Amino acid sequence: MNQDNKIGQGAPSTSGAPGELPVVGEKKFFTHTMQEDVMRAKMDPASFAKEIAAKKPFSEYIPPVSAPKEPEIADRFREPIEGLPDRDQPFPLPDTKTEREGDQPFQIRIPQKRGATSATTIMLAVVLLVLVAGGGAAYWWFFMRTPAAEVIVQIPEQKAAPQPQPAPVIPVQPEPEPEPEPQPEPIATTTEPIVMPEPVATTTPPVVTPPPAPIQTPEPALPEAVITLDRTAIIEVAKLDKALLLEAMAAENIKITEGKATIRYAVKLVTGSEKRFLTGNETAQLLELSVPADLSKLMNASELIGYKSGASFRYGFASAIQDKTNVKNAAIAWERAMLDDLAALYIEKAYQKPATIAFSTNTYFDFYKRFINMPQPDVSFDWAVSPRYFVIATSKEMIYAVLDKARQPGK
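Attention in this report is confined to the structure presented alongside it. In this text the structure is predicted, and so the values were computed from the model without any measurement.

1. Regarding the nonpolar core
- Counting 43 residues, the largest nonpolar core has L245, Y265, F381, W383, F390 and I392 as the members making the most contacts within it.
- If you tally residues by element for this core, the top one is helix α7 (residues 324–341), at six residues.
- Listed in part, the 19 residues of the second largest apolar core include Y307, A318, M398 and A401.

2. Overview of the packing of aromatic side chains
- Counting across every chain of the model gives eight aromatic pairs.
- Between the aromatic rings of Y265 and Y315, the centroid separation amounts to 5.9 Å while the plane-to-plane angle is 45°, which identifies the pairing as tilted. In this pair, Y265 is assigned in strand β4 (residues 260–270) and Y315 in strand β7 (residues 312–320), connecting sequence segments 50 residues apart.
- Taking relative accessible area as the criterion, Y265 reaches 3% and is therefore assigned buried.
- Here Y315 falls in the buried class, since its relative accessible area comes to 3%.
- In textbook terms, an aromatic cluster arises when at least three aromatic residues are bridged by ring pairs, as seen for Y364, F365 and Y400.
- If you follow K328 out to its NZ or CZ, it ends over the ring of Y368, 4.0 Å from the centre.
- The aromatic ring of F371 is capped on one face by K396, whose charged end is 3.8 Å from the ring centroid.

3. Observations concerning the pattern of salt bridges
- Applying the stated criterion to the full structure yields 15 salt bridges.
- K268 is paired through a salt bridge with E236; the nearest N and O atoms lie 3.9 Å apart. Here K268 is found in strand β4, whereas its partner E236 is found in strand β3 (residues 231–237), with 32 residues between them in sequence.
- Taking relative accessible area as the criterion, K268 reaches 8% and is therefore assigned buried.

4. Points about a nonpolar patch on the surface
- Judged by side-chain polarity, Y139, W140, W141, F142, F143 and M144 come together as a nonpolar surface patch covering roughly 810 Å² of accessible area.
- Of note, M144 is situated in helix α3 (residues 119–144).

Conventions and cut-offs
Residues numbered from 1 in each chain as written. Predicted model: local features only at pLDDT ≥ 70, side-chain atom pairs only at ≥ 80, totals over all residues. Heavy atoms only, no water. Core = buried A, V, L, I, M, F, W, Y, C linked by side-chain atoms within 4.5 Å. Buried < 20%, exposed > 50% of the residue type's maximum accessible area, 1.4 Å probe, protein only. Helix = DSSP H or I, 4+ residues; strand = E, 2+ residues; numbered from the N terminus. Phe/Tyr/Trp six-rings, centres within 6.5 Å; stacked < 30°, edge-to-face > 60°. Lys NZ or Arg CZ within 6 Å of the ring centre and 35° of its normal. Salt bridge = Lys/Arg side-chain N within 4 Å of Asp/Glu carboxyl O. Patch = residues over 30% accessible without salt bridge, like charges linked within 9 Å, V, L, I, M, F, W, Y side chains within 5 Å. Areas by Shrake-Rupley, 256 points an atom, 1.4 Å probe, with all protein chains shown as cover.

Now the structure itself:
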């Protein structure tokens, strides 16, 4: 570090005002740098050490400058103490003797240790015990005390005084009855006769007999399906009315969400007295369909069926049979009147009756099939017969969908 050291010798000759630095007289100052001191110490270490020891800074004691004495100012509020008697000195009381110093040796008085229990402690303990006892007694009185049992005073029954025995009855001879004295005639009075109120007849309220509970009609069992189709729709009607049947069928068709589906319609009659499913012949009559009697006799069971394709519905009939040949011959003989007798099956889309009624023939697995287009295949009349089934449909797509459900290869 390059730092200059200044060493001064001597004492200040004069002192300034209080709070100011002292004024130094003529003094000699020696100025040297650290590099010069290092060079001198290397060249002559002994003389440099002596010089440093002789000129050690702050080795000489410099007394502090005394502050000037402030002038004393008389305090008019201060009471002078000169000439006042020794009023704070103790004075002897009458009939007392003061002890002089030296008459009695110095003694150290050690206060005696008082007992652990004092009067105040005892009083506080007693008060605390009284409070605790009072609180316990109050708790017992209000919460734990059971009411004293009622004292039942039994009053001894007073025995009845013995009744005197009756004296024996002595028979007395009856005296002759005196003759009746003549009664005076009644005197007429103006007092109104007393009319007794007639008794009020009390009416008993009639007993109301509750009406008998309605007889619960048991639910009928669903008939066995002729052909197992995709869905079974139960159509409930309150009476045998064609309009109600078509309205209920439309409501059930809305619930079918599949794009294509074969449907079995089971018509259920629900009235106040009965619940039952209609037979195929009853459903056909309700829809105003006409089936030849010779063909109806060959049907064991029949039911109304339908087919959904997109948003359109087609309808038909499916019947269970046992004589394929006779059913086939009866159906062929019925072809000229089929379109007129079964016109009610075309519910949503009417057909155009062809000028010439000519059915075409083909086969599908074990079914013998006859059809006629009117004039497009989406509205047609198809019927097919197998050893077990007789099916009528109103579109070409419907007949094949139903036959796929009912086919039995090999028969």
